[in-house]
Structures are given as structure tokens and as C-alpha cells.
Amino acid sequence: MAKIDILVGLQWGDEGKGKFIDRMCPNYDIVARYNGGANAGHTIYWNNKKVTLKLLPSGIFYSHITNVIGSAVVIDPTQLRQEIEQLAAVSPEISFESQLIISQKAHLVLPTYKYQDIYAENSGASRKIGTTKNGIGYAYSAKTLRQGFRVADIFVPDFAEEAATVMRREYLQLEALGQKMIGFDELLTTFLNDVAYLKQYTIADTELLINAALKGNKRILAEGAQATMLDIDHGTYPYVTSSNTIAAAACVGLGVPPQKVGEIYGVIKAYNTRVGEGPFPSEINDHIAETIRIRGNEFGSNTKRPRRIGWLDLPALKYAIMLNGVTQLIMTKSDVLNGMESIDLCTHYQLDGGLQEIYPSGQDLGKATPCWKSFPGWDIDFSAITSKEQLPYELKSYIEYIESELEIPLAYLSISPKRDDIIEMR
């Protein structure tokens, strides 16, 4: 029987997962998204055009791949429709009707959830998290409270009436609080039109499909959104996303038992970034940070917010690798650090009078002081590199130290934003 492989980010997101999913896709029959919503953005270069996928699985460009949106994903019907229409304009050959399958157990993001998110972030009435204001947290909240709507509900005869009742109640509450919104009738009409649009796609018990595919020896890649350090349980709570992001969440989100998991690919950047509020021990705030931000185009793929910059953080990576059971490591953006005189790396934290080499979950990381190890920088024309033997000595030394400390081999190294600029390391 085949195994399901999982690809997960090991930092605070934006590691470049989309590029490697795209690289790996041709080897799989099914690519399945297992968590999150339209607050994620996987950037892929297709036909020399930059494409950001928010809800669609990254195998959508390949005609032989079935793309599954799993049960633990929360779906904004308007966002999904816009994404499909935009992608169709770039790649008209994609047959979305035949290539996309949506779990009937996935929950819907109501348009009022977005306004609740905006109000919570901007009003000062709630803790400021730094969300993408897409209503994702409110969708998961409604799900947990058992007040949400599943995709299957759109086929129930009185769905429109029930959804309108819930939306009207939330709309009036927000209006009373002074939140600016479009007219209710326009909000409801757009939502119901986009819900009707969803009905043209296959909506099914995707856990049955995936397990039958495994039994039929089909190869499946599970695609995670956000990243380990944003996991609702194991990340830097409360400054996290609203879903479980670690590899184990693929089993829950797709309905697959743990013994059917194969390889677990963990993606890291050669440095660190974070968006929004929350602790970030290896953060730097100098001219080097701004240089990295500009070179690496470190601005949110959804929000365009500038990302916070830091050096690579080994304690956080050891923690992430432990949580995920990573079997192969992938590194991106080594080219962004090209030409720097030296490169730092956080090896330990100094906290409460002692040294810690693994992420101290649950403690006040605002007090943690990073312990740095400095490496000589590298300066080379990456466009001329086609094999690991051609990599500069300084970069090889940096990678070897990371491999030794993390006890995980580096399988692939990305050396530019271009789709095919990936070096196999093993």
C-alpha cells in the first residue's frame, strides 16, 4: 500500500513551500490541502508568471493530478471563485471541474466573519494578534462551537434562509459597534451567488477517496498551510493561526491514519521571517534586516505587509523537527544572503540564567537572548551553479553545521526564485 507524504513549513511561514510542492507534484497522483483557509499564500512561478494560490492545492496546474481541499480547511466561497477565475485567465487549459474535489465536511467562511476579524484587530476591543483579517479564526470558532456551516449544507433546501439569519444577526451586531461594511443585501447576494458557483465542482467524502487511493497504490502529497511555529497548540500562542499546522494535522484534516504516513519534508529558509505580532527571538532590526527584506521580497503574499527579519534559529528548528518527525530537510533563499560579509545563526537561548538549545514552549520568550555563531558569507554567481559540487565552500560549511545540529540531511537547496533552480543535495 502507498504512503501519504507530507510537506510542512518549519518556521513562521513563508518558507517557500509552494515552490517545492510544485517541484514535487509531477511524482504524485493527488495533492491534498489539509488545513487553514485563504489566509495562506503559496507562490508558484508558472509559464513565467507569478501565481499565488490561497485555497487551491498546488497540483492544480497538472492535468494528471486530483486536487483535494480537505475537511479541516475553511473555505471562503467568494475567495475560491476569484482564485479559480484568476487562474483560469493565466492557464485556460486547467479543467477545474475534473481536477478539483472539495470535502463536504469543510466549513464555510461567512462574509460577516471578515468584518468581525477587522473589528477585533482594529478596535482595540480584543487582543491584537496581527491576523490577515480574512475571518479564518471566526470560521474555526463557529466550527468549534458547532454553529458553523459545512460545504454539504449548501445543498440543504433552507440553507439560504439559515445563512441569511446568522449573517443578519452578526451584521447588526457589528453595525451597532460602528464597524463599516457594505450593504447587507449586497453582502448576502454575493455570498449566495458564490455558494451556488461551488455546486459545479465535485463535493465528496474526501477521506474515503484518499484512503481508497492509498489502497490502490496512488501517490499522495499532503500540503500544509502556514507553518509549525504558528500551530494553534504548539506555536507561539496566542500569536498563531487558528488551525493545527504540524504534520500530524494532515492525518486529522484528511482522515488518514498515522501508519499510512511516509516521508515528511520540512521546509526552512536560510534565515528567518515572521509576519504579525508575537515573540521572535532571532529578530534583527538593522540595515542588514532591511537588505534581506528587499532582496528576498519579504512582503506578505496576501497582505503585502513587510515581514519581520531574523537569523536562522536552531532552538526553534529543533523543536519544529521534533514535533513533525521530519525525514528530509529543504532549504530556500540561500541566494538572498549572497554577498554578505558574515552570517549569524542562533545556536541557543539565554533564558532565566541558563542556556536552552530547544524552544522553551510556554515561557516568556520576550526575555530570551539569542546566542550567536557567526559564519563567513559567500559571494558567487548562483546562475552558473548546476550541482552541489559547485556550491561555495562557505555555504557548504553553513549547511553542514545546520545538518549536524539538526541531525537531518538537507535533501534540496533552492538557489533562486526561478522554478527550476533547485539543487539536489543527496
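Residues numbered from 1 in each chain as written. Predicted model: local features only at pLDDT ≥ 70, side-chain atom pairs only at ≥ 80, totals over all residues. Heavy atoms only, no water.

Engineer: Would you mind showing me how to read the nonpolar core here?
Structural biologist: In terms of nonpolar packing, the biggest core is built from 64 residues, with Leu-7, Phe-61, Ile-75, Leu-80, Leu-87 and Ile-102 touching the most fellow members. The residues that make up this core include at least three from each of domain 1 (4-104 + 203-266) and domain 2 (107-199). Setting aside its immediate chain neighbours within four residues, Leu-7 contacts Lys-17, Phe-20, Ile-21, Met-24, Tyr-34, Leu-221, Ala-222, Glu-223, Gly-224, Tyr-265, Val-267 and Ile-330. Ile-284, Ile-292, Leu-345 and Ile-408 belong to the second-largest nonpolar core, a separate cluster that totals 59 residues. (Core = buried A, V, L, I, M, F, W, Y, C linked by side-chain atoms within 4.5 Å. Buried < 20%, exposed > 50% of the residue type's maximum accessible area, 1.4 Å probe, protein only. Domains from an automatic or database assignment. Contact = heavy atoms within 4.5 Å.)

Engineer: Explain the packing of helix 4 (residues 111-123) against helix 5 (residues 136-144) to me, please; I cannot follow it from the model alone.
Structural biologist: A pair of packed helices can be characterised by two numbers: the angle between their axes and the separation between those axes. In the contact formed by helix 4 and helix 5, the axes pass within 7 Å of each other and the chain directions differ by 115 degrees. In the crossing of helix 4 with helix 5, the sense of the turn from one axis to the other is right-handed. Packed against helix 4, whose contacting residues are Tyr-113, Gln-116, Asp-117 and Ala-120, the element helix 5 presents Ile-136, Tyr-138, Ala-139 and Ala-142 at the interface. Here the residues of the contact of helix 4 with helix 5 are counted per class, giving six nonpolar, one polar and one charged. (Axes fitted to C-alpha atoms, helices over the stretch in contact; angles between N-to-C directions. Helix = DSSP H or I, 4+ residues; strand = E, 2+ residues; numbered from the N terminus. Left-handed = near helix turned anticlockwise from the far one by under 90°. Nonpolar A, V, L, I, M, F, W, Y, C, P; charged D, E, K, R; others polar.)

Engineer: Explain the layout of surface pockets here, please?
Structural biologist: Leftover empty space is mapped by rolling, across the atoms, a probe with the size of a water molecule. Quantified by volume, the second largest pocket comes out at close to 300 Å³. Around the second largest pocket, the lining comprises 15 residues; the ones closest to its centre are Tyr-140, Lys-143, Ser-242, Ser-243 and Asn-244. For the lining of the second largest pocket, the secondary-structure elements that each account for two or more residues are helix 5 and helix 9 (248-254). Looking at the lining of the second largest pocket residue by residue, the class counts come to five nonpolar, nine polar and one charged. (1 Å grid on protein atoms, 1.4 Å probe; cavity = no way out; pocket = protein on both sides within 12 Å on 5 of 7 lines; lining within 4 Å. Points joined across faces, edges and corners; volume = space filled by probe spheres on them.)

Engineer: Hey, could you run me through the domain arrangement of the protein in this one?
Structural biologist: How big an interface is tends to be stated in terms of the accessible area lost upon association of its parts. Once the domains are mapped, the protein shows domain 1 (4-104 + 203-266), domain 2 (107-199) and domain 3 (268-424). Placing a centre on the C-alpha atoms of domain 1 and another on those of domain 2 gives a separation of 23 Å. On the side of domain 2, 26 residues touch domain 1, which itself brings 26 residues to the contact. Surface buried jointly by domain 1 and domain 2 totals about 2100 Å² across both partners, of which 62% is contributed by carbon and sulfur atoms. Per-residue buried area on domain 1 facing domain 2 is highest for Val-74, Pro-77 and Arg-81; these three make up 27% of the total on that side. Here domain 1 is connected to domain 2 by two salt bridges. With a closest N to O distance of 3.0 Å, Arg-81 and Asp-194 form a salt bridge. (Buried area = accessible area lost by both parts, 1.4 Å probe. Salt bridge = Lys/Arg side-chain N within 4 Å of Asp/Glu carboxyl O.)

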